[in-house]
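Summary of the model geometry
Here are the chains, one letter per residue:
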Amino acid sequence: MTNIPANLLVADDFVASLDADSWVYFLCNVGDGDSQLVLLPELDGRRKAIVVDAYTDKVVRLITELTSRGVLDGRDDIALVVATHPHQDHISNMPNLFRTHGHRIAEFWDPGYYHPISAYTTLMKELQDRHATIIYAQPTAGLRRWIGGTLVTVLSPAVGLRNRFDSYGTEINDSSISLRIDHPAARATTRDEQGRLQEVGGPTSTLILGGDAQTLSWSYVMVDFPYLPSSNSEAAKAIAAATGTKDLLNTDVVKVSHHGSKRGVNLELMERFSASIVLVSSRARGTSSHGFPHSLTQEVIREVKEPIATQHGPTQRQDDWEHQVYYTHDLDDQSTALGSIAIVFRGESRQLWRFQDDRLRPIDLTDARRRT
Amino acid sequence: MAKGKKLWNPTAPERASNPFDEIRTLKKDRYLTVDEIDGNTVRVVIAPWPSVDSRSRLVFPVRASEDGEMLDDPSDSELILDGAVFHATVTRERARRQQPAADRSLRVGDVFWFRPDSDWLAVDGSELEGQLVDITYAARGEAKAAMAWAVTGSSEAPADLITAGAELDDGDRDREKEEATDTELAPETTDEPARPSVPGSVASPSV
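Residues numbered from 1 in each chain as written. Chains lettered and ligands numbered in written order. Predicted model: local features only at pLDDT ≥ 70, side-chain atom pairs only at ≥ 80, totals over all residues. Heavy atoms only, no water.

What follows is about the overall build of chain A. The number of helices and strands found in chain A is 10 helices and 19 strands. Relative to the compact-globule value of 21 Å for 372 residues, chain A shows a C-alpha radius of gyration of 20 Å, a close match. Dimensions of chain A along its principal axes, counting C-alpha atoms only, are 65 × 55 × 50 Å. Relative to its 372 residues, chain A shows a buried fraction of 57%. When contacts within chain A are restricted to residue pairs at least 6 apart in sequence, long-range pairs at least 24 apart make up 68% of them. Per element, the accessible surface of chain A, about 14400 Å² overall, is 49% carbon and sulfur. When the 38 basic and 47 acidic side-chain charges of chain A are each reduced to a single mean position, those positions are 2 Å apart. (Helix = DSSP H or I, 4+ residues; strand = E, 2+ residues; numbered from the N terminus. Rg over C-alpha atoms; globule rule 2.2 N^0.38 Å. Buried < 20%, exposed > 50% of the residue type's maximum accessible area, 1.4 Å probe, protein only. Contact = heavy atoms within 4.5 Å. Areas by Shrake-Rupley, 256 points an atom, 1.4 Å probe, with all protein chains shown as cover. Lys, Arg positive; Asp, Glu negative; His and termini not counted. Charge placed at Lys NZ, Arg CZ, Asp CG, Glu CD.)

Have a look at this one:
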């Protein structure tokens, strides 16, 4: 595998590139952990954000940076904060997030898995102190929450897993909240001159954030969000009528669960996602104390993109970047760290940006480079 | 932190002896949690020893990203240990303190009071050098109570969020405070939150 050619990434003005209808997913370069932010499209001239996990304080500083550049206005603009599960590498800076931007947060979700690390206890204390202003929920699979024109669907944990938390009968990674984010949530519906209902608007873009969910959790997800091929059966017709005929796990972009560990995803799950863009948040192998990303999972991702397992003869694969598989620890062919990732969704287009930050340096939006 | 805050003294299950009847907690003590187990690798998260606030909640120091430099690298507070070596240490220390089920397996969510032998938290062959006491019972109870208080916004949690044996009721806390005040084994008072004395890293950790 070779690194991304530097000439495929050009310096550009990230903030100026955003129009009112575009929305953005940031995957911060924090090493073996997760810190993510979803910047929603403008509604009545204002944007809101969703924060998903906070390992280092990079996402906290990103909010400050977006505010200073006028992308966020600092007033009740953090619609939702999600702590996918209470591992250190997902919540260690959640208390800091609440201390720094708590007055802007409307709602907080976690799986309800209590874990006695200091960050969890402190996070709960911060929530208690803001009980009057922040809604606190512990969602399970199937919950759907609309924020403006954006739909957030909880894929996991399943109720069956949640009911085992109290006995520690669920492995902590399998307590993860996994999310599906769709925008626009549904095409706007209007009436024509004859009073008939008509759908208007563009296609929906989808993002799936996998938390650290492992095989057990994903097995429930695959049951709860099925793919049933079209047939003439009454059941298939009924499901198609209710949901359309698409696979409920199909997505444009996926953040692979558990930093690309061998227990995070398997081939069938990645086939269900069938994502155009696949993202992994981890240190480079050799520097990760957990050995992330595991080669087994990398091969699974590649096999979905370029199925060669059943072929005879040479099996040379294309580079990951050619298949739009990106890692937060990516380097370009000049050995420059590409750093944090942003995907800008605009209609049917998806644009990749990198910010050249190393693991411990804040994102500077003026360092943005856009993939051509 | 306001002057005079008490350091936390963990409790023990009913009918079990409490090592903290004899141990006086100090600022240099550390709060160790088993955060992840992957095969024979154990990730332990280290925090300064907590104090207790006026609402009887555990308080760990928090910094805010308001200005200045990036905050400490959170991975500096993580140790990657050899699971077998750490389990042997834990088993030996549980037995020495006559704690129940001394040889039970390590689990995510196990918590230990740790007093390092020196200011530097030396790790030799993945073995922690210092005194260790299993405080999982008390720490899980505190975490669960913290969640319940976050749900309700008060320190009066709904009954169904607190299971028997996992909580401290206000009476227990009041008695604990009175006892602490009246005996020489009282938790130490401190003006400052306990903080790492020297920055460190996973490779060369220090707290």
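Further remarks concern the pairing of strand β2 (residues 30-38) of chain B. Residue and element names in this part refer to chain B. Most of β2 is tucked away: seven of the nine residues are buried. Taken together, the eight bridges between β2 and strand β3 (residues 41-48) define a ladder with antiparallel strand orientation. Each bridged residue has a counterpart across the sheet, and for L32 the counterpart in β3 is I46. Once β2 ends, the chain turns through two residues before running back antiparallel as β3, passing G39 with a positive phi of about 65°. The pairing of β2 with strand β7 (residues 111-116) spans four bridges and is antiparallel. Counted as the bridge partner of R30 is F114 from β7. (Pairing = 2+ DSSP bridges.)

What follows concerns the packing of aromatic side chains. Across all of its chains, the model carries 15 aromatic pairs over all chains by this definition. When the ring of F20 of chain B is compared with that of W113 of chain B, the centres are 5.7 Å apart and the planes differ by 90°; the resulting orientation is edge-to-face. In this pair, F20 of chain B sits in the loop between β1 (5-7) and β2 while W113 of chain B sits in strand β7, placing the two residues 93 residues apart along the sequence. With respect to burial, F20 of chain B and W113 of chain B carry one shared label: buried. Pairwise contacts between aromatic rings join F14, F26, W353 and F355 of chain A into one cluster. (Phe/Tyr/Trp six-rings, centres within 6.5 Å; stacked < 30°, edge-to-face > 60°.)

Next up on the list: the sheet that holds strand β18 (residues 349-354) of chain A. All names here are of chain A. Spatially, β1-β19-β18-β17-β2-β3-β4-β5-β6-β7 is the arrangement adopted by the 10 strands of the open sheet, whose pairing is mixed. Bordering the open sheet on either side are β1 (9-11) and β7 (135-137), each of which pairs with just one other strand. This sheet shows a mean twist of 20° between the axes of neighbouring strands, independent of strand direction. Direction of pairing for strand β6 (residues 107-109) relative to β7: parallel, over a ladder of three bridges. From the neighbouring strand, W109 faces β7, where its bridge partner is A137. Along the sheet face, helix α4 (residues 94-101) touches β4 (49-54), β5 (78-82) and β6 and points at about 165° away from the line of β5. (Axes fitted to C-alpha atoms, helices over the stretch in contact; angles between N-to-C directions.)

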